[in-house]
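Residue strings, one per chain:
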Amino acid sequence: MIKDITIGQYFPGRSPIHRLDPRVKILLTLGYIIILFVARNAWGLALGVVFGFGAYLISRIPLSMILKSLRPVVPIIIFTAVLNMLFVDGEPVFEWWIIQVTREGISTAVFMAVRIICLIAGTSLLTYTTSPIALTDGIERLLSPAKKLHFPVHELAMMMTIALRFIPTLIEETDKIISAQKARGADLESGGLMQRARALIPILIPLFVSSFRRADELALAMECRCYRGGEGRTRMKQLHMGAGDAAASAVVILCLAGVIAMNILL
């Protein structure tokens, strides 16, 4: 299951979404999140689903990739759906002892599950189609007005990007440690909750040691390259917005307007 986590990975490509300005992609991702939360009925949510599915087709990212990334969060989705089914009042469909499942609860459970799936898929598309360097530049440029308030914009953008960059590395490291512990006879899958929690200690300690070692090596490498923050730094690639960015922004705005119209009319 650890190998299925694809958060923070970048898949190089030349699709129209890959070529969008990173600042626009960040804002469009926020717009898509707003669309999902503004939608109050099935028609509005269906429009958000169609929009996200179309974005994946245009980006040429395999849909199997997002299915793999969703597998680790399936328990959370199921738990959320069950809570909605049991605690939303309405017309009863099934009753047993103190358990009551309503028609409204089922519809709410499905609605919330689809919304969570779309949120994960939509936000993952940002890192799938944007390199860490471009993402850093985009975040820094969007937050540049905060520099007037002496806010450490460059350092914040750098920390966020490093965190995203090292997610796949830490996942791979965790998988290696688990395999090594199993080869030594460690039992990580049997026993009660407390026994499984204690079995994680031989995994967490080497993982923390490895993480601190990588952080120290990264800091040393940055110092050797005379890294001193964002003051006076130049960029090899300048960010420019084009017709594709304007077209993508118009599509998101139209989608948001359509969702709002469906909320009012339906």
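Sequence order as written defines the numbering, with residues in each chain counted from 1. This being a predicted model, a pLDDT of at least 70 is required before a residue's local features are given, and a value of 80 or more before pairs of side-chain atoms are given or counted; all residues contribute to the totals for chains, interfaces and linings. Values shown for side chains rest on all heavy atoms present in the structure; no hydrogens or waters enter the calculation.

I'm lost on the pairing of strand 1 (residues 92-96) in this one. Help?
Strand residues, when the strand is regular, have side chains that alternate between the two faces of the sheet. Across four bridges, the pairing between strand 1 and strand 2 (residues 99-102) is antiparallel. Counterpart to Trp96 in the pairing with strand 2 is Ile99. Hairpin connection, strand 1 to strand 2: the antiparallel pair is bridged by two residues, and Trp97 has positive phi, about 55°. Here a strand pair is declared whenever DSSP counts at least two bridges between the two strands. Helical segments are the DSSP runs of H or I of at least four residues, strand segments are the runs of E of at least two, and each set is numbered from the N terminus.

Would you explain the packing of helix 1 (residues 22-38) against helix 2 (residues 42-59) in this entry?
The description of two packed helices rests on the angle between their axes and on the distance between the axes. Axes, fitted as lines to C-alpha atoms, cover a helix only where it is in contact. Angles between the N-to-C directions of the axes lie from 0 to 180 degrees. In contact at an axis separation of 8 Å, helix 1 and helix 2 are set at 155° when each is read in the N-to-C sense. As judged from the angle between their axes, helix 1 and helix 2 are roughly antiparallel. As helix 1 runs across helix 2, the sense of the crossing is left-handed. Note on element contacts: helix 2 touches helix 1 through Leu45, Gly48, Val49, Phe51 and Gly52, opposite Tyr32, Ile35 and Leu36. Each residue is assigned to one of three groups, with Ala, Val, Leu, Ile, Met, Phe, Trp, Tyr, Cys and Pro labelled nonpolar, Asp, Glu, Lys and Arg labelled charged, and all others, Gly among them, labelled polar. The residue makeup of the contact of helix 1 with helix 2, split by class, is six nonpolar, two polar and no charged. By definition in this entry, angles of less than 35 degrees are roughly parallel, angles greater than 145 are roughly antiparallel, angles of 65 to 115 are roughly perpendicular, and the rest are oblique. By definition, turning the near helix anticlockwise from the far helix through less than a right angle yields a left-handed crossing, and turning it clockwise yields a right-handed one. Note on contacts: a residue pair qualifies if any of its non-hydrogen atoms lie within 4.5 Å across the two residues.

What exactly am I supposed to notice about the layout of surface pockets here?
Any space left empty among the atoms is revealed by the rolling of a water-sized probe across them. In this analysis, the protein atoms alone were mapped onto a 1 Å grid. Cavities are point sets where a 1.4 Å probe fits without being able to get out; pockets are open sets with protein on both sides within 12 Å along at least five of seven lines; lining residues have an atom within 4 Å of a point. Grid points are joined across faces, edges and corners, and a volume is the space filled by probe spheres set on the points. Taken as a whole, the second largest pocket encloses approximately 450 Å³ of empty space. What lines the second largest pocket is a set of 21 residues, and nearest its centre among them are Ile17, Leu20, Leu28, Phe51 and Ala55. Taken together, the residues that form the lining of the second largest pocket break down as 14 nonpolar, six polar and one charged.

Teacher, can you tell me more about the confidence of the model for the protein chain here?
Close inspection of predicted coordinates is inappropriate in any region flagged by low pLDDT. Overall, the predicted model of the protein chain reaches an average pLDDT of 82, with 93% of residues at or above 70. As a per-residue measure, pLDDT reflects the predictor's confidence and takes values from 0 up to 100. Within the protein chain, no element has a lower average pLDDT than helix 8 (residues 193-199), which sits at 74, and none a higher one than helix 1, at 92.

How should helix 3 (residues 63-70) be read in this particular structure?
Taken together, the buried positions of helix 3 are occupied by Met65, Ile66, Ser69 and Leu70. Here the buried residues of helix 3 occupy an arc of 135° about the axis, which is enough to place them on one side. Contact partners of the buried residues in helix 3: helix 2, helix 4 (74-87) and helix 5 (103-129). Relative accessibility thresholds used throughout: buried, under 20% of the residue-type maximum; exposed, over 50%; partly exposed, between the two (1.4 Å probe, protein chains only). Arc, as used here, means the arc of the directions from the helix axis to the C-beta atoms.

How do you make sense of unusual backbone geometry when you look at a structure like this?
When glycine is set aside, most residues are seen to have a negative phi, and most peptide bonds are trans. A positive phi angle, near 60°, is found at Arg60, a position not held by glycine. Position of Arg60 among the secondary structure elements: in the loop between helix 2 and helix 3.

Teacher, can you tell me more about the pattern of salt bridges here?
Note on definitions: salt bridges are taken to be side-chain nitrogens of Lys or Arg within 4 Å of carboxyl oxygens of Asp or Glu. According to the stated counting rule, one finds three salt bridges in the structure shown. Here Asp21 and Arg23 are joined by a salt bridge, their closest N and O atoms 2.9 Å apart. With a relative accessible area of 3%, Asp21 lands in the buried category. The residue Glu173 makes a salt bridge to Arg214 at a minimum N-O spacing of 3.1 Å. With a gap of 41 residues between them, Glu173 in helix 7 (residues 153-183) and Arg214 in helix 9 (residues 201-224) connect regions that are remote in the sequence. Overall, Glu173 belongs to the buried group, its relative accessible area being 16%.

Would you take a moment to explain the side chain of Asp21 for this structure?
Residue position: Asp21 is located in the segment before helix 1. With near-sequence residues (within four places) excluded, Asp21 lies in contact with Leu239, His240, Met241 and Asp245.

How should I be thinking about the packing of helix 1 against helix 6 (residues 132-142) in this particular structure?
In contact at an axis separation of 8 Å, helix 1 and helix 6 are set at 75° when each is read in the N-to-C sense. The angle between helix 1 and helix 6 falls in the class roughly perpendicular. Along the contact surface, helix 1 presents Pro22, Arg23, Ile26 and Leu27, while helix 6 presents Ala134, Leu135, Gly138, Ile139, Arg141 and Leu142. Taken together, the residues of the contact of helix 1 with helix 6 break down into seven nonpolar, one polar and two charged.

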